[in-house]
Amino acid sequence: VFCLFFSSVVVVVRCRSAIARVSSPRLFFRVLVAMDPDSVAKAFVDHYYTTFDTNRSVLASLYQDGSMLTFEGQKIPGAQNIAAKLNSLSFQQCKHNISTVDCQPSGPGGGMLVFVSGTLQLPGEEHALKFSQMFHLLPTQQGSFYVHNDIFRLNYA
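What counts and how
- Residues numbered from 1 in each chain as written.
- Predicted model: local features only at pLDDT ≥ 70, side-chain atom pairs only at ≥ 80, totals over all residues.
- Heavy atoms only, no water.
- Core = buried A, V, L, I, M, F, W, Y, C linked by side-chain atoms within 4.5 Å.
- Buried < 20%, exposed > 50% of the residue type's maximum accessible area, 1.4 Å probe, protein only.
- Helix = DSSP H or I, 4+ residues; strand = E, 2+ residues; numbered from the N terminus.
- Contact = heavy atoms within 4.5 Å.
- Salt bridge = Lys/Arg side-chain N within 4 Å of Asp/Glu carboxyl O.

Engineer: Just give me the short version of the nonpolar core, but keep the residues and values in it.
Structural biologist: By size, the foremost hydrophobic cluster in this structure holds 32 residues, and its most contacted members are Tyr48, Tyr63, Val114 and Phe135. For this core, the secondary-structure elements that each account for two or more residues are helix H1 (37–55), strand S3 (63–71), helix H2 (79–87), strand S6 (111–121), strand S7 (129–139) and strand S8 (145–155). It is H1 that contributes the most residues to this core, seven residues altogether. Excluding residues within four positions of it along the chain, Tyr48 makes contact with Leu59, Leu62, Tyr63, Leu86, Gln133, Phe135 and Asp150.

Written out as structure tokens, the structure is:
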């Protein structure tokens with residue numbers, strides 16, 4: 001059983017027939033007991049895109065100074081620069097629709113690779129844009145995860 005903590009929200013996660021219901025004022029998630037990578041990845045993806053679609057500025061706390069975002073080929077290092085990039089996007093509102101979430105454990109340190117594909121609907125646009133995004137989540141000493149690497153691409157095919 002594990003619990004996930006997100007900012008000012010209650011998250012219910014099923015893990016091996018158990019349900020964890022928790023709330024926390026800080027923006028991070030923590031694995032308390034045995035980690036089920038698929039459930040953690042799904043909870044992370046749900047949280048990330050819901051937050052992106054409703055309050056993008058809060059995403060900054062998911063990154064650290066050593067994090068890097070590659071956005072359409074542009075490399076952006078560090079949490080502050082990543083937050084500035086995400087907040088400077090030309091649209092204020094959007095809606096992500098997730099098609100697939102794949103994950104793998106990453107290395108002996110407890111990291112995780114999360115690959116997401118889906119569509120992005122912008123206000124006033126007739127057609128949604130297809131996208132792919134990869135996250136490399138690494139554990140912290142406090143038992144939470146942060147986004148170490150984030151690669152985003154629109155798919156124009």
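Engineer: Mind laying out the pattern of salt bridges, listing which residues take part and the relevant values?
Structural biologist: Tallied over the full model, the rule gives two salt bridges. The shortest N-O distance in the salt bridge between Asp46 and Lys42 comes to 2.8 Å. Residue Asp46 and its partner Lys42 are both found in helix H1; the two are separated by four residues, about one turn of the helix. Given the relative accessible area of 47%, Lys42 is considered partly exposed. The salt bridge partner of Arg153 is Glu72, with a shortest N-O separation of 4.0 Å. Residue Arg153 is located in strand S8, and its partner Glu72 is located in the loop between S3 and strand S4 (74–77); the two are separated by 81 residues in the primary sequence. What makes Arg153 partly exposed here is its relative accessible area of 41%. Classification of Glu72 as partly exposed rests on a relative accessible area of 27%.

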